[in-house]
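# Report on the structure
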Amino acid sequence: MSAHPFARPSRKHLLLAAATLAMGVSAPVQAQNTVWSDTKRPAEERAAALVSAMTSEEKFELLHTLFPPRVIGTPGAPTDMLPSAGYSRAIPRLGIPELRESDASLGVANQVEQRKGDTATALPASLATASSFDPAIAYAGGAMIGAEARAKTFNVLLAGGVNLTRDPWGGRNFEYLGEDPLLSGVMAGEHIRGVQSNHIMSTVKHFALNSQETGRMIADARLDWPAMHESDLLAFKIAIERGKPASVMCSYNRVNGDYACENHMLLTDILRGQWGYQGFVMSDWGAVHSTVKAAKAGLDQESGAELDKAIYFGEPLQKAVASGEVSMGEVDTKLRNILTGVIASGLYDHPTPAHEQTIDYTAHAQVAQRAAEEGMVLLRNAGNMLPLTASAKRIVVIGGHADIGVLSGGGSSQVRSVGGVALEIPLKSGPAASFSRTTWHSSSPLAAIRALMPSAQVTYIDGTDPAAAAAAARGADVAIIFATQWRTEAEDVPDLALPDGQDGLIEAVAAANPHTAVVLETGGAVKMPWLTKVGAVLEAWYPGQRGGPAIANVLFGKVNPSGHLPLTFPASEAQAPRPAPVGLEMLRGNDAAANADGNGVDVPPFPITYQEGANAGYRWYAARGEKPLFPFGYGLSYTHFGYSHLSVTGGTQPVISFDVTNLGKRDGADVPQVYATLPGSPVPRLIAFDRVTLKPGETRRVTLRAEPRILAHWDEATKGWRIAGGRYTVTLAHDAADRGLSAPVTLTPRSF
Ligand code: BGC
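Per-chain numbering applies: the sequence of each chain, read as written, is numbered from 1 onward. With pLDDT at 70 or above as the cut-off, local features in this predicted model cover only qualifying residues; side-chain atom pairs require 80 or more to be listed or tallied, and sums for whole chains, interfaces and linings still use all residues. Side-chain descriptors were evaluated using all non-hydrogen atoms of the structure, hydrogens and water having been removed beforehand.

### As for the state of the cysteines
- In this description, the term disulfide denotes a pair of cysteine sulfurs within 2.5 Å. Inspection of the entire model under this criterion finds 1 disulfide.
- With a sulfur-sulfur separation of 2.1 Å, Cys-250 is cross-linked through a disulfide to Cys-261. Across the disulfide from Cys-250 to Cys-261, rotation about the S-S bond amounts to roughly 110 degrees, and the bridge is consequently right-handed. Residue Cys-250 is found in strand E6 (residues 247-250), and its partner Cys-261 is found in the loop between strand E8 (258-259) and helix H11 (264-274); the two are separated by 11 residues along the sequence. Considered together, Cys-250 and Cys-261 belong to a single accessibility category, that of buried residues. Under the scheme used here, helices are H or I runs from DSSP no shorter than 4 residues and strands are E runs no shorter than 2 residues, and both carry numbers assigned from the N terminus. Exposure classes here rest on a 1.4 Å probe applied to the protein chains alone. A residue is buried below 20% of its type maximum, exposed above 50%, and partly exposed in between.

### Digging into the packing of helix H17 (residues 466-474) against helix H18 (residues 502-512)
- Inter-axis angles, ranging from 0 to 180 degrees, are taken between N-to-C directions of lines fitted to C-alpha atoms, where helices are fitted over the stretch in contact. For the pair H17 and H18, interaxial distance at closest approach is 8 Å and the crossing angle is 25 degrees. On the basis of the axis angle, H17 is roughly parallel to H18. Of the two possible hands of crossing, H17 and H18 adopt the one that is right-handed. Between H17, through Pro-466, Ala-469, Ala-470, Ala-473 and Arg-474, and H18, the contact on the second element is made entirely by Leu-505, Ala-508, Val-509 and Ala-512.
- Residue classes follow a fixed rule: Ala, Val, Leu, Ile, Met, Phe, Trp, Tyr, Cys and Pro count as nonpolar, while Asp, Glu, Lys and Arg count as charged, and any other residue, Gly among them, counts as polar. The residue inventory of the contact of H17 with H18, partitioned by class, reads 8 nonpolar, no polar and 1 charged. When describing relative orientation, an angle under 35 degrees is termed roughly parallel and one over 145 degrees roughly antiparallel, while 65 to 115 degrees is termed roughly perpendicular and anything else oblique. Crossings are classed by handedness, with left-handed meaning an anticlockwise turn of the near helix from the far one by less than a right angle and right-handed meaning a clockwise turn. Any pair of residues with heavy atoms lying within 4.5 Å of one another is described as a contacting pair.

### Some thoughts on the site of the ligand
- To be near a molecule or strand, a residue needs just one of its heavy atoms within 4 Å of it. Every one of the 13 residues lining the ligand counts as a neighbour, but Asp-103, His-206, Tyr-252, Asp-284 and Glu-489 are closest to it.
- Two N or O atoms form a polar contact when they lie within 3.5 Å of each other; inside protein one atom must be a possible hydrogen donor and the other a possible acceptor, and for residues adjacent in sequence the pair counts only when both atoms belong to side chains. The separation between an oxygen atom of the ligand and a polar side-chain atom of Asp-103 is 2.4 Å.
- Interatomic distance of 2.6 Å between a side-chain N/O atom of His-206 and an oxygen atom of the ligand.
- Burial of the ligand by the protein amounts to 93% of the accessible area it has alone, namely 310 Å².
- Here the residues of the shell around the ligand are counted per class, giving 5 nonpolar, 2 polar and 6 charged. Accessible surface area values rest on a Shrake-Rupley calculation with a 1.4 Å probe, where residue burial reflects the displayed protein chains alone.

### Quick notes on the domain arrangement of the protein chain
- Each assigned domain of the protein chain is listed with its residue range as follows: domain 1 (11-20 + 36-109 + 119-344), domain 2 (366-555) and domain 3 (641-751).
- Between domain 1 and domain 2, the C-alpha centre-to-centre distance is 35 Å.
- Listed per partner, the contact involves 34 residues of domain 1 and 35 residues of domain 2.
- Interface of domain 1 and domain 2: buried area, both sides summed, is about 2700 Å²; carbon and sulfur atoms make up 61% of it.
- In the sections that follow, a salt bridge refers to a side-chain nitrogen of Lys or Arg positioned within 4 Å of a carboxyl oxygen of Asp or Glu. The residue Glu-489 makes a salt bridge to Arg-216 at a minimum N-O spacing of 3.0 Å.
- Counting across the domain 1 and domain 2 interface gives 16 residue pairs in polar contact (both at pLDDT 80 or more).
- At the level of secondary structure, the elements contributing two or more residues to the side of domain 1 that touches domain 2 comprise helix H6 (126-131) and helix H7 (135-151).
- With 4 residues, H7 is the largest single contributor of residues to the side of domain 1 that touches domain 2. Throughout the structure description, domain borders are defined by an automatic or database domain assignment. Here the buried area means the combined drop in accessible surface, using a 1.4 Å probe, for two parts upon being joined, counting both sides.

As structure tokens, then:
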């Protein structure tokens, strides 16, 4: 059996390491080489040996990373530092590489073009990846980003965003993987595994409960610990198990009183104690507020430290060690955690190249296009309006800048895509203004439609004048409206309406032409007051740098849509657990307080009480008996699928078997979803899912195992899971609101 990269060392190994440690820093490096360069030894033991050989100066330097935009050009700045999120110097005599950190949720980021001319492949929004319900898509995206990062000499990727989208208006929802802990955890884990397959490090972020952007530096997220274990923490746990990220990034907000980056319960009791995590905890940028408290709570590395009020893990930490408030042993543990990440990820043994390497952007564009195609969700298709056929001779494309590109989400995840930027609008104000611009990737849906329909007359009208758009649509065979809603890190959207009068535009066009399809480029749920008046609605999310061709391929049936919503689309804001961002009114106009760089602003923390507890997302709507606009898991296809022969075995872990049949006339992929309700509760919980590609008429038998933790409750007294036992109902369904096929199952009570 091969060793888990973060496996704990055996007693023998620890004794060996202790003996090496006892040799002290004066021992010649060569004599110790056998320990840290021995690839057969556990990463933790090799890391401990390296720590024992580091000088005090080297140690304190590795405990905080530089923020290049503030450091480049200052006296003594490292000459090989690239403008990006973070950097720390190499220690060549010990083979410790420089750490070059880049954001990487959707590609190697290059916000506000801090590296002039440096482009990278832009995946669609993570919500699109999640909509595929396809772990292989998540892995491929991560592997692609990791390969580009490595070739660009980056080796620490700030990827792996797995916060549950508890609020439909969340500004960063597009960067996350939806509202369900199983789906989010699996997809984040696969993304991270893909990144790290390149022998570089990834984070999982933002630990934890960073569910809203409004006041993210000061808000106090309140949720009882068992409910957190059953929801947000479970997503992190599953992601860590599957992806084995070298690092966990603690978030800006407070969690039950303490800042996440100085939260002992989160960083030490849970992450290390209960989960046995062996990598390191890095802070979010500007998220550190203390030295001793953060150090004692379990923070290992202060990121982009120039953004904090002080470089807390620099001189102040040295002073705290000198005064005995923090022991040198505690400092060494932090370094061991960091270097365990460096070694376990493979980076130590496979250093990143010193200079940029060539990248196969053509192959990578295919990864981006496939993710976009598999992630689009067909929400409505009245009278089988889609796919459009060759009989459509006059096509009017309206709005959304569809003539030049596709919208992208804003903030630290912003990629400058290989095809270029079609349009970029700076923000005039607001917390995101300093680092975010409203950006369209150069991938024109209009051009892609024209390429697919060379004999049709395809015209474009920008949609700013609804009457003109309606007039253009009136005589056409088909009108395709592109509706957009931009979201960005650091700000939430104030409500779920499409902005800038787009609802009116859609109403006007639909009234003029019943053959109207709406393509949504949104970073989450929007309201659709016009829904029953249009023929079709395709949720394309932010579709990334190949969005144009991907959208055209789905509209015209070259690709059969197969995405399913990873989050609920409520019918109105009032249905959601919180109708609007908490604190929005209080912070309005106070950009500094709400800003990611908002340290030093004295605004009192405000609580956000997550009243829904573990019932995030669809569970909340089910618990309240609310009928959303579209439920979690929903998605249509150009074919349709039937389920039969459901059988479920109980005992300690339910095993669910069933047949899926493609009942239509096209090849297609289905996403069978298995939910369970616990005794005495009407609330469904996703316990397993699959993605099955079938030819017309084909049937496949699928067997899935339930994730036992979803069937359990967290017991804070024993710090473990408890399945109460008794009669559970298992439902095989097309979405969270579908009654599907159900079977009762009896589970054995157990704790684990
Ligand atoms: C974001 C992180 C990001 C970091 C570095 C922060 O503002 O919250 O997700 O990794 O900046 O750019």
